[in-house]
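Survey of secondary and tertiary structure
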There are 2 protein chains.
Amino acid sequence: MEQLKKRILKEGKIRGTNEILKVDSFLNHQMDVAFLDELGAAFKARFADCQVDRILTIEASGIAIACSAAKAFGNPPVVFAKKNKTKNIAGDVYISQVESFTQGKRPYNIFVSKDFLHPGEKVLIIDDFLANGSALHALIEIVHQAGSEVAGAGVVVEKAFQPGGSLLRNEGVRVEALARIQSMSEETGVVFCD
Amino acid sequence: MEQLKKRILKEGKIRGTNEILKVDSFLNHQMDVAFLDELGAAFKARFADCQVDRILTIEASGIAIACSAAKAFGNPPVVFAKKNKTKNIAGDVYISQVESFTQGKRPYNIFVSKDFLHPGEKVLIIDDFLANGSALHALIEIVHQAGSEVAGAGVVVEKAFQPGGSLLRNEGVRVEALARIQSMSEETGVVFCD
């Protein structure tokens, strides 16, 4: 998506080489909702042939993007997986573990109430970033626990130099990334795959 | 807001007396985005006379509501305070502490990058619930640290039997709640203030 690439080039902040890309001026800390709606429309264009009964994401950065996507898909319910099991979500939940690749950070569980995923439904998974794919894998696991089907996984930015996207595609998951980054460094900036 | 009250009466799940109200079928776990847009429009109606340069909320439950509100206010930037200082938010941040009234839970810090709040701006704070007001107080503290002004605080549900709303109003904060709950119990259900 050209507008997204432009925005990443203009506003993205890189740390290290193939490490951190901050796009928190419009995507995941400060949010430009009108632009998120454009991303939502781009997901609809990519998954135009898919039945989408429900959108699943993970807190916190995925939520706004998933809500914008929902509008483009005719407002199916959006569900976000929680990272903490609060007393408000006590009761029957699907649980899955997210591996963490951040140094010193432990794996953590995510939770979705059994009330909000249903057998036979087609679920579109939405998130902001795809790197090692651990969050998407955990969400897919939860969709399968519920007896739902994964319609696909839509991410805003894929760090294509990390293995998550390839792993998921090899497993037969339809992954659509609105921008795919081949490499990035403070010296060279961001280089997109296409 | 009548539609909201109806929905709380129909879908809300109460635990204990004046304790937990779950509205996670449409507000803060599963989300009905079309309905959230109606809530956003209701906030605009309540704050129609206010200048709103920016909307501030807190992860995770506030995000979708704040994004829907943004649309009603002509798409000012939305910023969400983070509960964990990740490496993506390293650098200059405003910090404030949220007291926790949940048994056994410790106070926690919230963070907003200094890049995303600016002196002189009018900031509307949005959240899902107002009970003891600790999250709103922490957000207000951050707005003041930035030299911004609080345009007001809009919450979807106020538990009016808890002191947060009164405390904030006594401090001169304009608080608008789309539904105010006088009392609730498993026996009597939800009783609204008006």
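You'll find the structure just up there.
The following paragraphs examine the structure supplied in this document. Bear in mind that the values here come from a model prediction, so they are computed numbers and not experimental data.

Concerning the packing of helix H3 (residues 61–72) of chain A against helix H3 (residues 61–72) of chain B
Closest axis-to-axis distance for the H3 of chain A/H3 of chain B pair is 8 Å, and the angle between their directions is 55°. The angle between the axes of H3 of chain A and H3 of chain B places the two elements in the oblique class. Of the two elements, H3 of chain A crosses H3 of chain B, and the hand of that crossing is right-handed. Along its contact with H3 of chain A, which presents Ile63, Ala64, Cys67 and Lys71 of chain A, the element H3 of chain B presents Ile63, Ala64, Cys67 and Lys71 of chain B. The residue makeup of the contact of H3 of chain A with H3 of chain B, split by class, is six nonpolar, no polar and two charged.

Some points on the nonpolar core
Residues Ile8, Leu21 and Ile55 of chain A together with Ile8, Leu21 and Ile55 of chain B are the most contacted members of the largest nonpolar core, which totals 82 residues. Discounting chain neighbours no more than four positions away, the residues touching leucine 21 of chain A are Ile8, Gly12, Lys13, Ile14, Phe129, Val157, Lys159, Ile181, Met184 and Val190 of chain A.

Some details on the pairing of strand S8 (residues 122–130) of chain B
Residues and elements named next belong to chain B. Counting buried positions over the nine residues of S8 gives eight, a clear majority of the element. Pairing geometry for strand S4 (residues 54–58) and S8, over three bridges, is parallel. Bridge pairing in S8 places isoleucine 55 opposite leucine 124. Between the parallel elements S8 and strand S9 (residues 149–159), the chain passes through helix H4 (residues 134–145) in a crossover that is right-handed.

A few points about the sheet that holds strand S5 (residues 78–81) of chain B
One open sheet accounts for seven strands, arranged S3(A)-S5(B)-S4(B)-S8(B)-S9(B)-S10(B)-S11(B); its pairing is mixed. Sheet topology places strand S3 (30–31) of chain A together with strand S11 (189–192) of chain B at the edges, where each strand pairs with a single neighbour. Along the sheet face, helix H1 (residues 2–11) of chain B touches S9, strand S10 (175–185) and S11 of chain B and points at about 160° away from the line of S11 of chain B.

A word on the packing of helix H2 (residues 33–46) of chain B against H3 of chain B
The axes of two packed helices give the description: the angle between them and the distance between them. All names here are of chain B. Packing of H2 against H3 brings their axes to within 7 Å, and their N-to-C directions diverge by 55°. Looking at the two axes, H2 sits oblique to H3. Read as a crossing pair, H2 and H3 show a hand that is right-handed. Residues Val33, Leu36, Asp37, Gly40, Ala41, Phe43 and Lys44 of H2 lie in contact with H3, whose contacting residues are Ala64, Ile65, Ser68, Ala69 and Ala72. Taken together, the residues of the contact of H2 with H3 sort by class into eight nonpolar, two polar and two charged.

Concerning the packing of aromatic side chains
All names here are of chain A. A full pass over the atoms with the stated rule returns two aromatic pairs over all chains. Between phenylalanine 26 and phenylalanine 35, the ring centres sit 5.5 Å apart and the planes meet at 85°, which makes this aromatic pair edge-to-face. For the residue pair phenylalanine 26 and phenylalanine 35, the accessibility class agrees, reading buried in each case.

A look at the sheet that holds strand S9 (residues 149–159) of chain A
On the basis of which strands lie adjacent, the open sheet formed by seven strands has the order S11(A)-S10(A)-S9(A)-S8(A)-S4(A)-S5(A)-S3(B) and mixed pairing. Two strands in the sheet have a free side with no partner beyond their single neighbour: strand S11 (189–192) of chain A together with strand S3 (30–31) of chain B. Taken together, the six bridges between S9 of chain A and strand S10 (residues 175–185) of chain A define a ladder with parallel strand orientation. Within S10 of chain A, the residue paired with lysine 159 of chain A across the bridge is isoleucine 181 of chain A.

Some words on the relation of the copies chain B and chain A
When chain B is brought onto chain A, the operation consists of a screw motion whose angular component is 180° and whose axial shift is 0.0 Å, with 0.0 Å RMSD remaining. As the rotation angle and translation indicate, the two copies are arranged about a two-fold axis. When the interface residues of chain B are mapped onto chain A, 100% of them are again interface residues, pointing to one common binding face.

Notes on the environment of proline 107 of chain B
Residue and element names in this part refer to chain B. Within the secondary structure layout, proline 107 lies in the loop between strand S6 (93–98) and strand S7 (108–113). C-alpha of proline 107 to C-alpha of glycine 172: the two residues are 65 residues apart in sequence and 25 Å apart in space. Discounting chain neighbours no more than four positions away, the residues touching proline 107 are Gln97, Val98, Glu99 and Ser100.

Section: the pattern of salt bridges
Residue and element names in this part refer to chain A. For the structure on display, the rule yields 28 salt bridges over all chains. Of the charged contacts in the structure, one is a salt bridge between arginine 54 and glutamate 121, with a shortest N-O distance of 2.6 Å. Within this pair, whereas arginine 54 is found in strand S4 (residues 54–58), its partner glutamate 121 is found in the loop between strand S7 (108–113) and strand S8 (122–130), the two being separated by 67 residues in sequence. Judged by its relative accessible area of 4%, arginine 54 falls in the buried class. Linked through salt bridges whose partners overlap, the residues forming this network are Arg46, Asp49, Arg174 and Glu176.

Quick notes on the rules
Residues numbered from 1 in each chain as written. Chains lettered and ligands numbered in written order. Predicted model: local features only at pLDDT ≥ 70, side-chain atom pairs only at ≥ 80, totals over all residues. Heavy atoms only, no water. Axes fitted to C-alpha atoms, helices over the stretch in contact; angles between N-to-C directions. Helix = DSSP H or I, 4+ residues; strand = E, 2+ residues; numbered from the N terminus. Parallel < 35°, antiparallel > 145°, perpendicular 65-115°, else oblique. Left-handed = near helix turned anticlockwise from the far one by under 90°. Contact = heavy atoms within 4.5 Å. Nonpolar A, V, L, I, M, F, W, Y, C, P; charged D, E, K, R; others polar. Core = buried A, V, L, I, M, F, W, Y, C linked by side-chain atoms within 4.5 Å. Buried < 20%, exposed > 50% of the residue type's maximum accessible area, 1.4 Å probe, protein only. Pairing = 2+ DSSP bridges. Right-handed = clockwise from strand over helix to strand, strands pointing away. Phe/Tyr/Trp six-rings, centres within 6.5 Å; stacked < 30°, edge-to-face > 60°. Least-squares fit on C-alpha atoms with pLDDT ≥ 70 in both. Salt bridge = Lys/Arg side-chain N within 4 Å of Asp/Glu carboxyl O.

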